[in-house]
Amino acid sequence: MNNQNYIAAGQQVLMNTYARQPLAIVKGQGCQVWDGDGKQYLDFVAGIAVNSVGHCHPKVVAAIQKQAETLLHCSNLYWIPGQAQVGEILVKATGLDRIFFCNSGAEANEGALKLARKYAKEKGHPERFAVITMEKSFHGRTLATLTATGQVKVQKGYEPLPNGFCYVPYNTMEAIAAAVNETTCAVLLEPVQGEGGVIVPDTAYMQELAAFCKEKDILLILDEVQTGIGRTGKLFAYEHFGICPDILTMAKALGGGAPTGAFMAREEVASVFVPGDHGSTFGGNPLLMAAAKATLETILTEDLSGRAAQTGQYLMAGLKKLQERFPFIKEVRGLGLLIGIECTGAVAPVITACREAGLLIAGAGPNVLRMVPPLIIGETEVDAALAILSDVFAAAEQMHSQAPPGK
Ligand SMILES: *Cc1c(COP(=O)(O)O)cnc(C)c1O
């Protein structure tokens with residue numbers, strides 16, 4: 001079997017929901033992956049910020065193997081020891097009091113929205129159900145979370161959408177203050193917008209927003225599905241801003257590649273959930289908790305968030321140098337190892353050329369390149385990636401002499 005066979009087989013039976021790159025990835029190790037033709041790549045996508053400890057990290061592999069031999073799954077009708085172990089790590093790390101485990105980012109946000117609505121009702125505000133979210137946000141693909149997502153492209157075709165969402169521009173407090181009314185129960189946002197193009201908000205905005213929510217008794221829900229678990233140089237991105245959310249959602253990197261999500265809340269909020277209010281068959285199952293525990297312990301003991309901060313600065317400095325050489329690069333921005341490179345034209349040809357040269361990178365919208373490598377990368381990997389990018393930009397510049405790539 002090779003790439004072509006794998007692609008042809010997929011095209012026969014899979015629903016056509018992804019604009020996939022023309023290769024199948026069949027193996028990974030550390031920061032490297034291999035495709036169906038045996039070609040090796042430096043992986044700056046990492047499953048879109050999932051494989052933060054790298055591919056096949058020995059501690060995560062060993063934990064999964066051991067748990068698979070002991071107990072793969074059991075129902076939440078019973079107590080599952082791993083949930084308390086992972087929960088304890090996250091409660092200690094965040095200062096939030098309670099956690100619920102699910103399987104994806106969308107589910108984590110869906111659960112957070114349910115909790116926010118129930119909280120409002122229990123606290124004597126039955127009229128409050130609406131959630132303010134941000135333009136260009138991304139919160140998932142379930143009906144509620146795609147409605148929370150402030151992008152028409154993920155909503156089109158699925159109308160009528162659930163009630164109770166309104167959208168405001170990111171990073172302006174006035175817009176939120178103007179949008180709040182008697183029906184508002186929560187504000188939901190990413191502390192760095194990921195899919196929307198890697199947008200880092202101002203500290204003052206985040207602080208004013210947190211204070212505003214507190215004053216109005218509106219819940220602040222932070223979606224850290226992409227930014228969480230060390231990605232931005234702190235365990236959670238909100239730490240950069242000196243604030244704390246009422247509800248915090250996470251997924252992507254939490255299970256080190258095993259499909260795990262969670263949402264957390266402070267006691268007063270979490271306590272409105274009683275048996276029967278929410279649930280998940282697979283959420284927090286023994287296999288997923290073994291993977292999450294090994295992943296979190298690795299990230300914490302090896303201080304991979306500190307490492308992400310350092311390597312991120314090094315990568316950012318290298319990209320800023322490229323920006324001086326290539327006018328096609330409009331802006332380089334990000335936090336830790338969540339980095340966006342906004343270009344003056346479409347980035348799809350750059351992604352293709354990098355792939356051909358052995359570097360996987362993602363996009364975030366049509367004009368932004370996104371780098372979300374494993375947090376274990378070092379300067380060697382960064383130098384290799386920068387060399388490929390530099391060659392790709394130079395070749396594109398030469399080929400089009402005046403016109404930038406993508407035009
Ligand atoms: C990826 C992502 C989601 C959705 O996660 P899924 O696991 O695909 O459901 C939600 N919010 C943010 C910020 C994300 O980056």
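Provided above is the structure to which this section pertains.
Residue positions are given per chain, counted from 1 along the sequence in the order it is written. Selection of residues for local features in this predicted model requires a pLDDT of at least 70, selection of side-chain atom pairs for listing and counting requires 80 or more, and totals for whole chains, interfaces and linings are taken over all residues. To obtain the side-chain values, all non-hydrogen atoms of the structure were included, while hydrogens and water were left out.

A. Just helix H5 (residues 105-122), in detail. For H5, with 18 residues, the first-to-last C-alpha span of 26 Å sits near the 26 Å given by 1.5 Å per residue. Three exposure classes are used, based on accessible area relative to the maximum for each residue type with a 1.4 Å probe and protein chains only: buried under 20%, partly exposed in between, and exposed over 50%. In this description a helix means any DSSP run of H or I spanning at least four residues, a strand means any run of E spanning at least two, and both kinds are numbered starting from the N terminus. Turning to H5, its buried residues number three or more, namely Gly105, Ala106, Ala108, Asn109, Gly111, Ala112, Leu113, Leu115, Ala116, Tyr119 and Ala120. Side-chain atoms alone can form a polar contact between residues adjacent in sequence; in general such a contact is a pair of N or O atoms within 3.5 Å, and within protein one must be able to donate a hydrogen while the other accepts it. In this structure Ser104 caps H5, since a side-chain oxygen of it lies 3.2 Å from the backbone nitrogen of Glu107. Here, expected helix span is obtained from the residue count minus one, scaled by 1.5 Å.

B. Inspection of the site of the ligand at higher detail. Residues are labelled near a given molecule or strand when at least one of their non-hydrogen atoms is within 4 Å of it. In the vicinity of the ligand, the residues found are Ser104, Gly105, Ala106, Asn109, Phe138, His139, Gly140, Glu190, Asp223, Val225, Gln226 and Lys252. Backbone polar atom of Phe138 to a nitrogen atom of the ligand: 3.2 Å apart, as the coordinates give it. Separating an oxygen atom of the ligand from a side-chain N or O atom of Lys252 is a distance of 2.6 Å. With residues, only the protein chains shown are counted as cover, and all accessible areas are computed by Shrake-Rupley using a 1.4 Å probe. Summarising the interface, the protein chains cover 81% of the accessible area of the ligand, which totals 380 Å² for the free molecule. No other element matches the 3 residues that H5 contributes to the shell around the ligand.

C. The packing of aromatic side chains, seen in detail. The pairing test for Phe, Tyr and Trp rings, Trp by its six-membered ring, is centres within 6.5 Å, and the orientation test on the planes gives stacked under 30 degrees, edge-to-face over 60, and tilted for anything in between. This model, assessed by the stated rule, comprises 6 aromatic pairs. Over the face of the ring belonging to Trp34 we find Lys27, whose NZ or CZ atom lies 4.7 Å from the ring centre. For a lysine, the NZ atom is tested; for an arginine, the CZ atom; a charge sits over a ring if that atom is within 6 Å of the ring centre and within 35 degrees of the ring normal.

D. Looking closely at the packing of helix H13 (residues 348-356) against helix H14 (residues 379-400). What counts as an axis is a line fitted to C-alpha atoms, over the stretch in contact for a helix, and the angles between N-to-C directions run from 0 to 180 degrees. Across the interface, H13 lies against H14 with an axial gap of 10 Å and an inter-helix angle of 125°. Here H13 is positioned oblique relative to H14, judged by the angle of their axes. In the packing of H13 onto H14, the handedness of the crossing is right-handed. Residues Val350, Ala353 and Cys354 of H13 touch H14, and the partners they reach there are Ile388, Leu389, Val392 and Phe393. Residues are grouped as follows: Ala, Val, Leu, Ile, Met, Phe, Trp, Tyr, Cys and Pro are nonpolar; Asp, Glu, Lys and Arg are charged; all remaining types, including Gly, are polar. The residue inventory of the contact of H13 with H14, partitioned by class, reads 7 nonpolar, no polar and no charged. Oblique is the label for any angle not under 35 degrees, not over 145, and not in the 65 to 115 range, which are roughly parallel, roughly antiparallel and roughly perpendicular in turn. Crossing chirality is assigned from the near helix's rotation relative to the far helix, an anticlockwise turn below a right angle marking it left-handed and a clockwise turn marking it right-handed. Note on definitions: a residue-residue contact is assigned when non-hydrogen atoms from the two residues lie within 4.5 Å.

E. Structural view of the packing of helix H3 (residues 58-70) against helix H11 (residues 286-301). Their axes nearest at 8 Å, the elements H3 and H11 cross at an angle of 155°. Classified by the interaxial angle, the pair formed by H3 and H11 is roughly antiparallel. Considering the relative orientation of H3 and H11, their crossing is right-handed. Contacts between H3 and H11 involve Lys59, Val60, Ala63, Ile64, Gln67 and Ala68 from the former and Pro286, Leu287, Ala290, Ala291, Ala294, Thr295 and Thr298 from the latter. Per-class residue counts for the contact of H3 with H11 are 9 nonpolar, 3 polar and 1 charged.

F. Representation of the pairing of strand E12 (residues 338-343) within the structure. In terms of burial, E12 is a largely internal element, 6 of the 6 residues being buried. Side chains Leu338, Gly340 and Glu342 of E12 all project onto a buried face; the interleaved residues Ile339, Ile341 and Cys343 project onto the opposite face, where all are buried too. Alignment of strand E11 (residues 329-335) against E12, held across 6 bridges, turns out to be antiparallel. In the strand pairing of E12, Val332 is matched with Ile341. The antiparallel hairpin formed by E11 and E12 contains 2 residues in its connecting segment, where Gly336 sits at a positive phi of about 60°. Taken together, the 4 bridges between E12 and strand E15 (residues 368-371) define a ladder with antiparallel strand orientation. Note that in E15 the partner of Glu342 across the bridge is Val368. Two strands qualify as a pair provided that DSSP identifies no fewer than 2 bridges between them.

G. Spotlight on the pattern of salt bridges. By convention in these notes, a salt bridge is any Lys or Arg side-chain nitrogen within 4 Å of a carboxyl oxygen on Asp or Glu. Scanning the entire structure with this criterion turns up 13 salt bridges. Salt-bridge contacts for Glu195 lead to Arg370; the nearest nitrogen and oxygen are separated by 2.9 Å. Of this pair, Glu195 sits in the loop between strand E7 (184-189) and helix H9 (203-216) while Arg370 sits in strand E15, placing them 175 residues apart in sequence. Arg333 is the salt-bridge partner of Glu331, the closest N and O atoms lying 2.7 Å from each other. For Arg333, a relative accessible area of 13% corresponds to the buried category. The network of salt bridges with shared partners includes Lys123, Asp246, Arg266 and Glu268.

H. Representation of the pairing of strand E2 (residues 32-35) in the model. As paired strands, strand E1 (residues 25-29) and E2 are joined by 4 bridges and run antiparallel to one another. What sits directly across from Gly28, in E2, is Val33. Counting the residues in the hairpin turn of E1 and E2 gives 2 residues, including Gly30, whose phi is positive at 60°. From the end of E2 to the start of strand E3 (residues 40-43), which pair antiparallel, there are 4 residues, and Gly38 there has a positive phi angle of about 85°.

I. Local environment of a nonpolar patch on the surface. The grouping of Met1, Tyr6 and Val26 at the surface amounts to a nonpolar patch, some 310 Å² of accessible area in total. Inspection of the secondary structure puts Met1 in the segment before helix H1 (3-13). What makes Met1 exposed here is its relative accessible area of 64%. Like charges within 9 Å and nonpolar side chains (Val, Leu, Ile, Met, Phe, Trp, Tyr) within 5 Å are joined into patches, using only residues over 30% in relative accessible area that form no salt bridge.

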